Amino acid sequence: MSGGGPAVRRLSDWDRERLLSLADEFGSPLYVTDLRRVRENCLRLREAFPEAHVSYAVKAHAGRAVLETVREAGVDAECASAGEVERALDAGFPGERVRYTAVNPPDADLDHVVSRWESNPEMTVTVGAADTIDRLRERGFDGRLCLRANPGVGAGHHEKVRTGAHAKFGIPIDRVPDLAADVREEFDLVGVHAHAGSGISGDDLSAHRELVRRMGDLAREVGDLEFVDVGGGFGVPYREDEPPLDLNSVADATREALGEVDARLAIEPGRYVVADAGVLLSEVNTVKDASETTVVGIDAGMTTLLRPAMYDAYHAISNLSRPDADPVSTIVAGPVCETSDVFADGRDLPAPERGDCLALGNAGAYGYEMASTYNSRPRPPEVVLDADGPRLARRRETLDDVTALERTAPEHIPN
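Residues numbered from 1 in each chain as written. Predicted model: local features only at pLDDT ≥ 70, side-chain atom pairs only at ≥ 80, totals over all residues. Heavy atoms only, no water.

### A word on the overall build of the protein chain
The secondary structure content of the protein chain amounts to 12 helices and 18 strands. On C-alpha atoms alone, the protein chain measures out to a radius of gyration of 22 Å, which is about the 22 Å that the 2.2 N^0.38 rule sets for 415 residues. Overall, the protein chain is about 70 × 60 × 45 Å in size when its C-alpha atoms are taken along their principal axes. Residue pairs at least 24 apart in sequence account for 73% of intrachain contacts in the protein chain once pairs closer than 6 positions are excluded. Accessible surface computed for the protein chain: about 18,300 Å², of which carbon and sulfur atoms make up 45%. (Helix = DSSP H or I, 4+ residues; strand = E, 2+ residues; numbered from the N terminus. Rg over C-alpha atoms; globule rule 2.2 N^0.38 Å. Contact = heavy atoms within 4.5 Å. Areas by Shrake-Rupley, 256 points an atom, 1.4 Å probe, with all protein chains shown as cover.)

And the structure:
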């Protein structure tokens, strides 16, 4: 590597004193995103896949500071909604560096994307259903089109993120060649696409290779394509003892499985770019002795970081305030009245006390993006770190923000 940084950044690699200082200055809960690490991860991807078209899956983290960093690092934007398209364009991506991948898109999304395409005609639209093509045609779209195939094989860290074989995603792969021949009469067919899932590790690379092999066969059958996109989903080690993904080996296996195609390989990682660039800071507000454990209540909850409740996801946790205290078995839980609002159960931590600051690692991907105002809880702020030091990228929401839409709505909406 010539500057891509270490292959993995553990929670223990963060500067403890600096994180404590940020929590003191900006309060908690608080998301911290290191833009330098985002840049390193982009560089590592480009070096492992030097001939590939690399796009960033915006849904992993759509913050403007992150998007601008990704754009400056030479990685393009893959967007799953009209809102993400808008955010990518606002962050300075030109139309030719933006791709919209529609999954059962609402009418409002298609309306907006087509209107933005009219002023950005080099934008690419990826569709996963024949009737989405009809809906685009009705709106006057006749531009760059990519067909998303369902290759019948999926992979990933949880059943809820394995997309490759689920009927929701893509056109059955055996139907794509005929559809490709049909759409070429009206559209600029530039690529085919598939995605196995998210969080792919060394344990399920065989499924990823099979997806790539099938996409290579499809690209050769369809022919005359600009690119063949095999998705992203490259995993990161959430647990402290998990090894990092050998990205160079994955790249070699991907190229081998794809075979010779007269089209450019394309990938679209999201999690890999931002996961270990982010950490969530939270303050201990309650310490309760329970049978055989200690319940540690913190001011972050499932509304702040949903992944543990949604996917049973593991996040490393450290006690920044007293790292040398004797360890105790803990349940780390949030303030939401839900049994699922738990970040760790049976986790040994240096004995926390009220007021301590805990850090949750690998919070950069799908952390802030999945945060909500459930329970009428305002979303936290985000601070980004770069060469010029920390700066507030998003302010903390207030209770007034949570109710603003109701208070500004008209008293009566006529029929």
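### Here's the deal with the confidence of the model for the protein chain
Averaged over every residue, the pLDDT of the protein chain is 92; residues scoring 70 or more account for 92%. Overall, residues 155-165 carries pLDDT values under 50, and its contacts beyond four positions in sequence, including any with other chains, amount to 45 contacts. (pLDDT = per-residue confidence, 0-100.)

### Comments concerning the pattern of salt bridges
One pass over the full model with this rule turns up 28 salt bridges. When the shortest N-O distance is used, the salt bridge between aspartate 134 and arginine 137 registers 2.8 Å. Pair noted here: aspartate 134 and arginine 137 are both in helix α6 (residues 130-138), with a separation of 3 residues, about one helical turn. A salt bridge links arginine 322 to glutamate 353; its shortest N-O distance comes to 3.3 Å. Pair noted here: arginine 322 is in the loop between β13 (317-319) and β14 (327-333) and glutamate 353 is in the loop between β15 (342-350) and β16 (357-360), with a separation of 31 residues, a long-range link. (Salt bridge = Lys/Arg side-chain N within 4 Å of Asp/Glu carboxyl O.)

### Side note on the packing of aromatic side chains
Per the stated rule, a full pass over the model turns up 4 aromatic pairs. Relative to phenylalanine 234, the ring of phenylalanine 49 lies with its centre 5.8 Å away and its plane at 10°, an arrangement referred to as stacked. Remark: phenylalanine 234 occurs in the loop between β9 (227-229) and α9 (247-258) and phenylalanine 49 occurs in the loop between α2 (35-48) and β2 (53-57); sequence separation between them is 185 residues. A residue is classified by how much of its surface remains accessible, and phenylalanine 49, at 1% relative accessible area, is buried. Through a chain of ring-to-ring contacts, three or more aromatic side chains come together here, namely Trp117, Phe141 and Phe187. Sitting above the plane of the tryptophan 14 ring, arginine 9 keeps its charged end 4.0 Å from the centroid. Stacked on the ring of tyrosine 368, the Lys or Arg arginine 394 has its end atom at 3.9 Å from the ring centre. (Phe/Tyr/Trp six-rings, centres within 6.5 Å; stacked < 30°, edge-to-face > 60°. Buried < 20%, exposed > 50% of the residue type's maximum accessible area, 1.4 Å probe, protein only. Lys NZ or Arg CZ within 6 Å of the ring centre and 35° of its normal.)

### Focus on the packing of helix α4 (residues 82-90) against helix α5 (residues 107-119)
Where α4 contacts α5, the axes come no closer than 9 Å and their chain directions differ by 30°. Here α5 runs roughly parallel to α4, going by the angle between their axes. The segment α4 lies against α5, with Ala82, Val85, Glu86 and Leu89 engaging Asp109, His112, Val113 and Arg116. Its residues assigned to classes, the contact of α4 with α5 comprises 4 nonpolar, 1 polar and 3 charged. (Axes fitted to C-alpha atoms, helices over the stretch in contact; angles between N-to-C directions. Parallel < 35°, antiparallel > 145°, perpendicular 65-115°, else oblique. Nonpolar A, V, L, I, M, F, W, Y, C, P; charged D, E, K, R; others polar.)

### As for the pairing of strand β18 (residues 389-394)
The pairing of strand β17 (residues 382-386) with β18 spans 5 bridges and is antiparallel. Paired with valine 384 across the bridge in β18 is arginine 391. Taken together, β17 and the strand that follows it, β18, pair antiparallel across an intervening segment of 2 residues. (Pairing = 2+ DSSP bridges.)

### Regarding a negative patch on the surface
A contiguous patch of negative charge on the surface is contributed by Asp174, Asp178, Asp182, Glu185 and Glu221. If you trace the backbone, aspartate 174 turns up in the loop between β7 (171-172) and α7 (176-183). A residue is classified by how much of its surface remains accessible, and aspartate 174, at 62% relative accessible area, is exposed. (Patch = residues over 30% accessible without salt bridge, like charges linked within 9 Å, V, L, I, M, F, W, Y side chains within 5 Å. Lys, Arg positive; Asp, Glu negative; His and termini not counted. Charge placed at Lys NZ, Arg CZ, Asp CG, Glu CD.)

### Side note on the nonpolar core
Ranked by internal contacts, the top residues of the largest apolar core, which has 83 residues, are Phe49, Tyr56, Val70, Leu145, Leu147, Met215 and Phe234. When residues in this core are grouped by element, the largest group, 7 residues, is from helix α8 (residues 205-222). Once you skip the residues sitting within four places of it in the chain, leucine 145 turns out to touch Val125, Val127, Ile133, Leu136, Val183, Phe187, Asp188, Leu189, Val190 and Gly191. (Core = buried A, V, L, I, M, F, W, Y, C linked by side-chain atoms within 4.5 Å.)

### Side note on the UniProt feature "modified residue: N6-(pyridoxal phosphate)lysine" (unreviewed entry) in the protein chain
UniProt feature "modified residue: N6-(pyridoxal phosphate)lysine" (unreviewed entry): in the numbering of this structure it lies at Lys59. Residue placement: lysine 59 occurs in the loop between β2 and α3 (64-72). Not counting the four nearest positions on each side in its chain, lysine 59 is found in contact with Glu84, Tyr366 and Glu369. (UniProt positions renumbered as here; feature names shortened; annotations may be inferred.)

### Looking at the side chain of glutamate 268
Along the polypeptide, glutamate 268 turns up in the loop between β10 (264-267) and α10 (271-274). Here the side chain of glutamate 268 touches arginine 99 through a polar contact of 3.4 Å, side chain to side chain. Among the polar contacts made by the side chain of glutamate 268, one reaches the side chain of histidine 193 at a distance of 3.0 Å. Contacts of glutamate 268, omitting those with residues within four sequence positions, involve Ser55, Ala57, Glu78, Arg99, His193, Asp229, Gly231 and Gly232. (Polar contact = N/O pair within 3.5 Å; in protein donor to acceptor, adjacent residues only side chain to side chain.)

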